[in-house]
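# Examination of the molecular architecture
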Amino acid sequence: MIATYSDLKNKVILVTGAGRGIGKAIGLALASQGAHVVFNYRGDEAKAAGLKEEFEKAGGKATGLKFDVTDYEAMTKAIDEFTKTVAPISGLVNNAGISKDTLLLRLKPDEINSIIDTNLKGCMLVTQALSRNFLRAENVSIVNMGSIVGLMGNASQAAYAASKAGIIGFSKSVAKELASRNVRCNVICPGFIQTEMTEALNEKAKEEYSKAIPLARFGTTDEVSNLTCFLLSQASSYMTGEVLKIDGGLYI
Ligand code: NDP
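Residues numbered from 1 in each chain as written. Predicted model: local features only at pLDDT ≥ 70, side-chain atom pairs only at ≥ 80, totals over all residues. Heavy atoms only, no water.

### Here we look at the side chain of Ser147
Along the chain, Ser147 turns up in the loop between β5 (140-145) and α5 (149-152). Apart from residues no more than four positions distant in its own chain, Ser147 is found in contact with Tyr160, Lys164, Ile188, Cys189 and Pro190. (Helix = DSSP H or I, 4+ residues; strand = E, 2+ residues; numbered from the N terminus. Contact = heavy atoms within 4.5 Å.)

Right under this line is the structure:
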């Protein structure tokens, strides 16, 4: 079930990492409500064209911008060009992320850098690149994808957990800094959601994790996209700086 919010129609929203998983479900849910979905891609032009077609078929407009969230120069250039020539962006979902499950002892410095650069710095830099544009846009809502692991910690995910915990401090600061301009910023902390990221877990681990979840199953990408749409819409107009868990009760 996808909840609909009338104010998302024609809203221009950038979703990073919308090529698959949670990001793609968010893009499709927004497009089906008539939003203009702006998505980033990292070079595969044919895949980007296919994604644009899928979003447009769902009912919205779609524009692909070519940048990697770790490449500040390409990102600012693509975003500036879009906001100056097409329309201001009034919604942002910082969803792009990577994980590497390894004990801290085995984690290589390069792996720490790429997790922090993608998950935390990527989120900070995309938000910063859009902050001037946000001052010109109306009813701006930023949704940052954290993780339950950023609240609880998890063995074998030290760098990932640190990156997601960092997103919470960053988001609360942005919420305070931009509230006077009616820019809101909230964090979603999913538990285990069925995507390629969790597909990588072995069956035994999936079974063990499911046992620890009161609702006894992994969540779906549509369940996360519903919450994202709510936070992007004016239905959540008095919420900012919030950290919302969507985890089947795992954190209880
Ligand atoms: P996926 O691995 O399925 O997809 C990740 C997306 O991020 C892909 O579209 C990928 O692009 C993009 N991406 C990765 N690195 C970069 C980069 N440097 N620049 C631009 N785009 C990039 O992940 P999920 O859908 O599972 O997760 C989405 C978000 O939700 C992540 O932030 C993740 O940490 C978070 N999350 C997920 C949970 C889960 O259980 N699945 C639980 C808690 C949080 P490309 O297609 O080009 O590789």
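### Some remarks on the site of the ligand
Every one of the 27 residues lining the ligand counts as a neighbour, but Arg20, Arg42, Asn95, Tyr160 and Thr195 are closest to it. In this structure, Arg42 approaches the ligand through a side-chain N or O atom, which is 2.8 Å from an oxygen atom. Here Val69 contributes a backbone N or O atom positioned 3.0 Å from a nitrogen atom of the ligand. The protein chains hide 92% of the 900 Å² of surface that the ligand would expose on its own. If you list the elements that add at least two residues to the shell around the ligand, you get α1 (21-32), α6 (158-178) and α7 (196-199). (Near = heavy atom within 4 Å. Polar contact = N/O pair within 3.5 Å; in protein donor to acceptor, adjacent residues only side chain to side chain. Areas by Shrake-Rupley, 256 points an atom, 1.4 Å probe, with all protein chains shown as cover.)

### Remarks on the packing of helix α4 (residues 109-136) against α6
Closest axis-to-axis distance for the α4/α6 pair is 9 Å, and the angle between their directions is 15°. With respect to α6, the element α4 is oriented roughly parallel. In terms of crossing hand, the pair formed by α4 and α6 is right-handed. Along its contact with α4, which presents Ile112, Ile115, Ile116, Asn119, Leu120, Cys123, Met124 and Thr127, the element α6 presents Ala159, Tyr160, Ser163, Lys164, Gly166, Ile167, Phe170 and Val174. The class makeup of the residues in the contact of α4 with α6 is 11 nonpolar, 4 polar and 1 charged. (Axes fitted to C-alpha atoms, helices over the stretch in contact; angles between N-to-C directions. Parallel < 35°, antiparallel > 145°, perpendicular 65-115°, else oblique. Left-handed = near helix turned anticlockwise from the far one by under 90°. Nonpolar A, V, L, I, M, F, W, Y, C, P; charged D, E, K, R; others polar.)

### Considering the packing of α1 against helix α2 (residues 45-58)
The N-to-C vectors of α1 and α2 enclose an angle of 40°; their axes lie 7 Å apart at closest approach. The angle between α1 and α2 falls in the class oblique. In this structure, α1 contributes Lys24, Gly27, Leu28, Ala31 and Ser32 to the contact, and α2 contributes Leu51, Glu54, Phe55 and Ala58. The residue makeup of the contact of α1 with α2, split by class, is 5 nonpolar, 2 polar and 2 charged.

### So, the nonpolar core
Among the nonpolar cores identified, the biggest contains 33 residues, and Leu14, Phe67, Ile79, Val126, Leu130 and Ile142 are the most heavily contacted of them. Broken down by secondary-structure element, the contributors of at least two residues to this core are β1 (12-15), α3 (72-85), α4, β5, α6 and β6 (183-190). Ranked by residues supplied to this core, first place goes to α4 with 7 residues. Not counting residues up to four positions away in its chain, the partners in contact with Leu14 are Val38, Phe39, Asn40, Phe67, Ile79, Ile89, Gly91, Leu92, Val93, Val126 and Leu130. Residues Ile13, Ile22, Leu51 and Met145 belong to the second largest nonpolar core, which totals 28 residues. (Core = buried A, V, L, I, M, F, W, Y, C linked by side-chain atoms within 4.5 Å. Buried < 20%, exposed > 50% of the residue type's maximum accessible area, 1.4 Å probe, protein only.)

### Section: the sheet that holds β6
Here 7 strands make up an open sheet; going across it, the order is β3-β2-β1-β4-β5-β6-β7 and the pairing parallel. The open sheet terminates on both sides in strands that have one partner only, identified here as β3 (61-66) and β7 (243-246). Averaged over all pairs of adjacent strands, the angle between their axes in this sheet comes to 20°, without regard to strand direction. Sheet analysis places strand β2 (residues 36-41) next to β3, joined by 6 bridges and oriented parallel. By the bridge assignment, Val38 is partnered in β3 with Thr63. Each of β1, β2 and β3 is contacted by α3, which is oriented at about 145° to β3, the strand it contacts most. (Pairing = 2+ DSSP bridges.)

### Quick word on the pattern of salt bridges
Taken as a whole and judged by the stated rule, the model has 11 salt bridges. Across the pair Glu196 and Arg20 runs a salt bridge, and its minimum N-O distance is 3.4 Å. Within this pair, whereas Glu196 is found in helix α7, its partner Arg20 is found in the loop between β1 and α1, the two being separated by 176 residues in sequence. The structure contains a network of salt bridges with shared partners spanning Glu199, Glu203 and Lys206. (Salt bridge = Lys/Arg side-chain N within 4 Å of Asp/Glu carboxyl O.)

### Considering the state of the cysteines
The full count for this structure, using the stated rule, is 0 disulfides. For the unlinked cysteine Cys123, the closest cysteine sulfur is that of Cys185, found at 7.2 Å. Residue classification places Cys123 among the buried positions, given a relative accessible area of 4%. Between Cys189, a free cysteine, and Cys123, which holds the nearest cysteine sulfur, the sulfur-to-sulfur gap is 12 Å. Here Cys189 falls in the buried class, since its relative accessible area comes to 0%. (Disulfide = S-S within 2.5 Å.)

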